[in-house]
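# Descriptive analysis of the structure
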Amino acid sequence: GMALTIRSFVAGPLETNAYLVADDATGEAIAVDAPPGVTADLTAAAEAAGLRIGQVVITHAHWDHIADAAPLAAATGAPLVAHPLAVDRMETSARQPGLPVEISSARPDRLLDDGDEVRVGGVAFRVLHLPGHDPAHIVLYAEAERTLLGGDVLFPGGHGTTEGPGADQAAMDRSLVRLAALPPDVTVYPGHGRSTTIGAEASWLPGTGKPTE
């Protein structure tokens with residue numbers, strides 16, 4: 001059965017979702033993404049629920065997902081985990097001019113790539129590397145639990161933007177084809193806004209046998 005409890009915490013000027021993902025049976029948890037200013041609320045919620053945050057997973061290296069990476073890792077004592085291509089941006093974003101928030105430089109403690117596993121108590125998430133919005137973009141997929149922590153790849157009615165440095169529409173299309181192959185009842189928890197399912201987006205996803213523009 002569904003042993004996961006997933007809570008979202010919306011933070012920062014782009015209303016970015018951080019997620020607290022817990023295995024109810026063990027009280028083990030992970031945090032997914034670290035938007036600006038999220039640390040206090042997320043750690044307080046974990047403490048109130050008696051959860052132990054074992055990892056802080058970053059889906060991709062855009063500023064609104066990494067601003068609190070260092071403070072969140074420090075507050076939880078948990079290792080910071082990201083794709084190899086996120087390392088440089090996580091270390092140097094603090095020096096990027098013109099950002100609306102303060103960003104701490106952060107260095108991942110562990111790197112994740114396609115096919116790796118992230119465990120949350122008794123639940124196994126498989127890592128899918130899905131570039132297009134960002135070269136470093138990963139998602140976490142728990143097959144048995146029909147749960148996908150999707151970052152900024154898939155949203156209700158559309159995909160993450162492919163404008164901007166490192167973005168690539170052809171790569172995004174390939175990533176969407178991979179998502180389209182997942183079961184329709186998989187719930188997708190995105191980096192902004194409300195959740196959806198693979199099935200709810202099937203009408204426009206490439207690779208589902210339906211016409212695409």
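Above this text you will find the structure in question.
What comes next is a walk through the structure. Everything numeric in this text was worked out from a predicted model, so none of it was measured.

## A look at the overall build of the protein
Along the protein, the regular secondary structure elements total five helices and 14 strands. For a compact globule of 213 residues, the expected C-alpha radius of gyration is about 17 Å, and the protein comes in at 16 Å, within 12% of that figure. Going through the 213 residues of the protein one by one, you find that 51% of them count as buried. The contacts of the protein with a sequence gap of at least 6 include a subset with a gap of at least 24, amounting to 59%.

## So, the nonpolar core
Leu20, Leu42, Ile53, Ile58, Leu80 and Met90 are the most contacted members of the largest nonpolar core, which totals 27 residues. Secondary structure elements with two or more residues in this core: strand 1 (4–11), strand 2 (16–23), strand 3 (28–32), helix 1 (39–48), strand 4 (52–57), helix 3 (69–76) and strand 5 (80–82). Each residue touching Leu42, except ones within four places of it in the same chain, is listed here: Phe9, Ala18, Tyr19, Leu20, Ala31, Ile53 and Leu72. In this structure, Val21, Val32, Val81 and Leu149 belong to the second largest nonpolar core, which totals 19 residues.

## A short note on the pairing of strand 8 (residues 123–129)
Among the seven residues of strand 8, five are classified as buried, and the element is accordingly described as predominantly covered. Sheet topology places strand 7 (residues 117–120) next to strand 8; four bridges connect them, and they run antiparallel. Bridging from a neighbouring strand, Val118 pairs with Phe125 of strand 8. Linking two consecutive strands that pair antiparallel, namely strand 7 and strand 8, is a turn of two residues; a positive phi of about 60° is found at Gly121 within it.

## Some details on the pairing of strand 4
As defined by bridge partners, strand 3 adjoins strand 4 across five bridges and the pair is classed as parallel. Bridging across to strand 4, Ala29 finds its partner in Ile53. A crossover links strand 3 with its parallel partner strand 4, the connecting element being helix 1, and its sense is right-handed.

## Some points on the pattern of salt bridges
Evaluation of the coordinates by the stated rule reveals six salt bridges. Note that Arg89 and Asp134 form a salt bridge whose closest N and O atoms lie 3.2 Å from each other. In this pair, Arg89 sits in helix 4 (residues 87–92) while Asp134 sits in the loop between strand 8 and strand 9 (138–142), placing the two residues 45 residues apart along the sequence. Close ionic contact of Asp114 with Arg178 constitutes a salt bridge, the shortest N to O distance being 2.9 Å. Separated by 64 residues along the polypeptide, Asp114 in the loop between strand 6 (110–111) and strand 7 and Arg178 in helix 5 (residues 169–180) bring together distant segments of the chain. Asp114 sits in the partly exposed class, given a relative accessible area of 38%.

Each value, and the rule that gives it
Residues numbered from 1 in each chain as written. Predicted model: local features only at pLDDT ≥ 70, side-chain atom pairs only at ≥ 80, totals over all residues. Heavy atoms only, no water. Helix = DSSP H or I, 4+ residues; strand = E, 2+ residues; numbered from the N terminus. Rg over C-alpha atoms; globule rule 2.2 N^0.38 Å. Buried < 20%, exposed > 50% of the residue type's maximum accessible area, 1.4 Å probe, protein only. Contact = heavy atoms within 4.5 Å. Core = buried A, V, L, I, M, F, W, Y, C linked by side-chain atoms within 4.5 Å. Pairing = 2+ DSSP bridges. Right-handed = clockwise from strand over helix to strand, strands pointing away. Salt bridge = Lys/Arg side-chain N within 4 Å of Asp/Glu carboxyl O.

Just geometry here; none of it tells us what the structure is for.
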